[in-house]
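# Results of the structural survey
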Amino acid sequence: MADVFRSLNLIETIKESIDHNKLSEVKDALEDLLISRINLALIGDRGDEKTSFINSLNGLSFGDDGAAPSATPVAPEEVACYPNPKHPDFRLWDLPPLPSTSPFEPEGYMNTVKFPRYNAVFITFTQTPQTNSVRLFLEAQSLQQQTVYFILFASEKCTEKSIEKIRKTSLEVLRSQGVTMPKVYVVRPSALEKFDFPGLLQDMERDLPEIRAHAVLLALPTLTSSLVTQKKDAFKALVWAAASLSGGVSAIPVPFVASMVDSSVAVRILTKAQLSLCLDDESVERLARQRGMEPTRLKGMRTCALSVEVTKGEVQQRLAKAQNDLATVSLKLVEMALPRHARSASRSFAAMQQALNCAIDEMAADAEKIVSEALGEGK
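Keep in mind the model is a prediction, meaning the values are calculated, not measured. Once a new chain begins, its residue numbering starts again from 1 and follows that chain's sequence as written. The model is predicted, so local features are restricted to residues of pLDDT at least 70 and side-chain atom pairs to those at 80 or more, both for listing and for counting; the totals for chains, interfaces and linings are taken over all residues. Calculated side-chain values reflect all of the structure's heavy atoms, with hydrogen atoms and water omitted.

Turning our eyes to something else, we now look at the overall build of the protein. Secondary structure elements are taken from DSSP: a helix is a run of H or I of four residues or more, a strand is a run of E of two residues or more, and numbering for both begins at the N terminus. Counting its regular elements, the protein contains 17 helices and six strands. Each of the 379 residues in the protein was classed as buried or not, and the buried ones make up 49%. Each accessible area is a Shrake-Rupley result for a 1.4 Å probe, and residues are judged covered by the shown protein chains and nothing else. Taken as a whole, the protein presents about 18200 Å² of accessible surface, with 53% of it coming from carbon and sulfur. Burial classes: relative accessible area under 20% of the type maximum marks a residue as buried, over 50% as exposed, and values in between as partly exposed (1.4 Å probe, protein chains only).

This is the structure:
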């Protein structure tokens, strides 16, 4: 669990709330982890590359329900919003292209598009960043908005040599116009697992507030096995918070409350995990189409029942089994050292944590098998 604690310092806040018996604060923290709105904006010329990037971030392809169309439905000066169909609190905003001529007032543009509401902004281009893009970036930095990133789109036709040449030229342009220590991320819109997108995610995780970084991580499709592992660790932090809440409720002598809280919270977490790990039928079928594979081939790799469908009955069975498994001499010895009122809390915390962590491990293992197969890893 040490890695999980490092990934979310919010756990420390939860621990303090438990120490002070503030269950409402623990519940609020859990809700923040389960539901957190994220707004990502894209600035750049509108076209197939930008649209493909938007759809890839949402795990979609052209023609899917909720996908951005090849021809933008809004006027050039308007903003288009594309919420994620599976995670409606994750929203992508296609902002109007910047003018290529002067005069250009970055502050006026930022006010028009309501720049501060975006948690991160991607300035996209296919050749080199234009002057007005750099001016906008510098203005954002002056306002202490650090989560603005330059993205160079790499088309299927580009060779690695040509891409590196454009990146080098772009960095020189940025330096010459006053950007200190510039960074340009090369991204292939139709294949985010390639080039620099995984590195961009790492930098965003560092730059964003933890809850927002958590929201981005859980809403993105399972692009790589590494991302599956990151998602698994994030969900184990969620489990820790839920188990803490369960333990706190169990210490309060109200009949049936603990079991009701346990099962309802567990169902919410595991349902979110199923969607985040792209294990539901719709996500698996979509991935198969994108990779030109038979859906049944990928679906057959789901060996955990919760990967296929999260049901209250299955969750309750797992919680009950964990409770029975914990009826051991070792747990009884631990409980003997605890005050009487804390013993039920200890059992409930341990059972919730064990049941959900095992479920998350099984679901993540299924997701890793599917991603590995889809990407052709290990062949």
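The next point concerns the environment of Lys-369. Considering the arrangement of structural elements, one finds Lys-369 in helix α17 (residues 340–375). Residues Lys-369 and Ser-225, spaced 144 residues apart in sequence, show a C-alpha to C-alpha distance of 8.5 Å. Between two residues, a contact is recorded if the distance between any of their heavy atoms is within 4.5 Å. Not counting chain neighbours up to four residues away, the residues in contact with Lys-369 comprise Met-301 and Thr-303.

What follows concerns the side chain of Ser-263. Note on placement: Ser-263 falls in helix α11 (residues 257–276). Discounting chain neighbours no more than four positions away, the residues touching Ser-263 are Lys-312, Val-315, Gln-316 and Leu-319.

So, on to the layout of surface pockets. Cavities and pockets were defined on a 1 Å grid built from protein atoms only: a cavity is a group of points that admits a 1.4 Å probe but offers it no way out, a pocket is an open group of points flanked by protein on both sides within 12 Å along at least five of seven lines, and a lining residue is one with an atom within 4 Å of any such point. Grid points are joined across faces, edges and corners, and a volume is the space filled by probe spheres set on the points. Of the voids in this model, the largest pocket is the one considered here, and its volume is about 650 Å³. Residue lining of the largest pocket: 37 residues in total, with Gly-59, Leu-60, Pro-221, Leu-287 and Gln-290 positioned closest to the centre. What marks off one domain from the next here is an automatic or database domain assignment. Looking at which domains feed residues into the lining of the largest pocket, each of domain 1 (6–35 + 221–375) and domain 2 (38–214) gives three or more.

Take the side chain of Thr-147 next. The residue Thr-147 is located in the loop between α6 (131–142) and β5 (148–153) in this model. Note on Thr-147: relative accessible area 8%, which makes it buried. Here the side chain of Thr-147 touches Asn-119 through a polar contact of 2.7 Å, landing on its backbone oxygen. Not counting chain neighbours up to four residues away, the residues in contact with Thr-147 comprise Asn-119, Ala-120, Val-121, Asp-207 and Leu-208. Definition of a polar contact: a pair of N or O atoms within 3.5 Å, with one able to donate and the other able to accept a hydrogen when the atoms are protein atoms, and with sequence-neighbouring residues admitted only if both atoms are side-chain atoms.

Let us now look at the sheet that holds β5. A pair of strands is treated as paired once DSSP finds two or more bridges between them. One open sheet holds the six strands; their spatial order is β2-β3-β1-β4-β5-β6, and the pairing between them is mixed. Among the strands making up the open sheet, the edge pair consists of β2 (80–83) and β6 (184–187). The average angle at which neighbouring strand axes cross in this sheet is 30°, direction not considered. As paired elements, β2 and strand β3 (residues 90–94) share four bridges and run antiparallel to each other. What counts as an axis is a line fitted to C-alpha atoms, over the stretch in contact for a helix, and the angles between N-to-C directions run from 0 to 180 degrees.

On to α6. Spanning twelve residues, α6 covers 17 Å between terminal C-alpha atoms, matching the ideal 16 Å at 1.5 Å per step. If you check which residues of α6 are buried, you get Asn-132, Ser-133, Val-134, Leu-136, Phe-137 and Ala-140. Backbone geometry just after α6 places Gln-144 at a positive phi near 65°. The span you would expect from a helix comes to 1.5 Å times its residue count less one.

A word on the packing of aromatic side chains. Pairing of aromatic rings covers Phe, Tyr and the six-membered ring of Trp, with a centre-to-centre limit of 6.5 Å; geometry is then stacked below 30 degrees between planes, edge-to-face above 60, and tilted otherwise. Within the structure shown, the criterion is met by eight aromatic pairs. Ring centres of Tyr-149 and Tyr-185 lie 6.0 Å apart, and the angle between their planes is 75°; on these two criteria the pair is classed as edge-to-face. Of the two residues, Tyr-149 is situated in strand β5 and Tyr-185 in strand β6; the sequence distance between them amounts to 36 residues. An aromatic cluster is built from Phe-53, Phe-122, Tyr-149, Phe-153, Tyr-185 and Phe-197, whose rings are joined through pairwise contacts. Criterion for a charge above a ring: Lys NZ or Arg CZ within 6 Å of the ring centre, and within 35 degrees of the ring normal. Positioned above the aromatic ring of Trp-93, the side-chain terminus of Arg-117 is 4.2 Å from the ring centre.

This next bit is on the pairing of strand β4 (residues 120–125). Burial within β4 is extensive, with six of its six residues counted as buried. Relative to β4, strand β1 (residues 38–43) runs parallel, the two sharing four bridges. In the strand pairing of β4, Ala-41 is matched with Val-121. Both β4 and β5 contribute to a ladder of five bridges, which runs parallel. Paired with Phe-125 across the bridge in β5 is Leu-152. If you view a crossover with the strands going away from you and the path from the first strand over the helix to the second runs clockwise, you call it right-handed. Between β4 and its parallel partner β5, the chain crosses via α6, and the hand of that crossover is right-handed.

Once that is clear, we can look at the pattern of salt bridges. Opposite charge on two side chains allows them to pair when their charged atoms are near. Think of a salt bridge as a Lys or Arg side-chain nitrogen and an Asp or Glu carboxyl oxygen that are within 4 Å of each other. Overall, the coordinates contain 23 salt bridges when judged by the stated rule. Ionic pairing is found between Glu-193 and Arg-291, a salt bridge with its closest N-O pair at 3.3 Å. Taken together, the residues Glu-193 in the loop between β6 and α8 (197–207) and Arg-291 in helix α12 (residues 281–291) connect sequence positions 98 residues apart. For Glu-193, a relative accessible area of 19% corresponds to the buried category. Residue Arg-291 is classed as partly exposed on the basis of its relative accessible area, which comes to 34%.

A few words now on the nonpolar core. Residues grouped as a nonpolar core are buried Ala, Val, Leu, Ile, Met, Phe, Trp, Tyr and Cys residues, joined through side-chain atoms within 4.5 Å. Counting 78 residues, the largest nonpolar core has Phe-53, Phe-122, Phe-197 and Met-204 as the members making the most contacts within it. Both domains that meet at this core, namely domain 1 (6–35 + 221–375) and domain 2 (38–214), each give it at least three residues. Ignoring sequence-local partners within four residues, the contact set of Phe-53 consists of Leu-42, Phe-122, Ile-151, Phe-153, Val-187, Pro-189, Leu-192 and Phe-197. Trp-93, Leu-98, Ile-123 and Phe-137 belong to the second-largest nonpolar core, a separate cluster that totals 29 residues.

Bringing unusual backbone geometry into the picture now. Residue Pro-103 is reached from Ser-102 by a cis peptide bond, and omega for that bond is 0°. Among the secondary structure elements, Pro-103 is positioned in the loop between β3 and α5 (106–112). A positive phi angle, close to 60°, is found at Cys-278, a residue other than glycine. Summarising the element assignment, Cys-278 is placed in the loop between α11 and α12.

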